[in-house]
Amino acid sequence: MHEMSLMESVIDIVCETARKNGATRVKAVRLDVGVLSHVDPDALLFCYEAVRHGTMADGAPLEINRVAGEGWCLDCGKTVALEQRFGACPHCGQHRVQMTAGDELKIRDMEVV
Ligand SMILES: [Zn+2]
């Protein structure tokens, strides 16, 4: 499963960062997940709970922050809301919109003790 390997690397980064900061335990993890990314937040939560087991992040809740889709319309020359990947510009209806936000999956922040 795609989400499983994603969450394995998230846990790796989280635990590595916590260790570098001299922490003994991870208290919470927050992720930015774009609405246009090909991941399912429910699957992410499920996989997170499976992979955190036995790590420093065991028991740490995961919070998922959904990031809205946004793109740069080459015809309008401005940032527009993007409802879907390769969607049309809401102003001019053209499809020359380059996605600038909504595709991310990154660690926003975390709490350690
Ligand atoms: Zn446009």
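Residues numbered from 1 in each chain as written. Predicted model: local features only at pLDDT ≥ 70, side-chain atom pairs only at ≥ 80, totals over all residues. Heavy atoms only, no water.

For F86, which is not glycine, the phi dihedral falls at a positive 60 degrees. With respect to the secondary-structure elements, F86 resides in the loop between strand 4 (78-81) and strand 5 (97-101). (Helix = DSSP H or I, 4+ residues; strand = E, 2+ residues; numbered from the N terminus.)

A few words on the coordination of the zinc ion. Listed as protein donors to the zinc ion are C73 (SG), C76 (SG), C89 (SG) and C92 (SG); their distances from the metal cover 2.2 to 2.3 Å. Between the four donor atoms coordinating the zinc ion, the angles at the centre fall across 106 to 112 degrees, so the site counts as tetrahedral. Each donor residue of the zinc ion belongs to the same chain, and together they define the spacing C-x2-C-x12-C-x2-C. On the criterion of sequence distance, the pair formed by C73 in strand 3 (residues 70-73) and C89 in the loop between strand 4 and strand 5 is long-range, its members being 16 residues apart. Pair check on accessibility: C73 and C89 agree, each one buried. (Donors = N, O, S within 2.8 Å, 3.2 Å for Na, K, Ca; no water. Tetrahedral: all angles 85-135°; square planar, octahedral: opposite > 155°, others 65-115°. Buried < 20%, exposed > 50% of the residue type's maximum accessible area, 1.4 Å probe, protein only.)

For the rest of this paragraph, the subject is the environment of T24. Among the structural elements, T24 can be located in the loop between helix 1 (2-20) and strand 1 (26-34). Those residues in contact with T24 that lie beyond four places of it in its chain are M56 and V113. (Contact = heavy atoms within 4.5 Å.)

Note: strand 3 against strand 4, four bridges, orientation antiparallel. Each residue of the ladder has a partner; that of C73, found in strand 4, is K78. The turn linking strand 3 back onto strand 4 is made up of four residues, and G77 within it adopts a positive phi angle of 70 degrees. (Pairing = 2+ DSSP bridges.)

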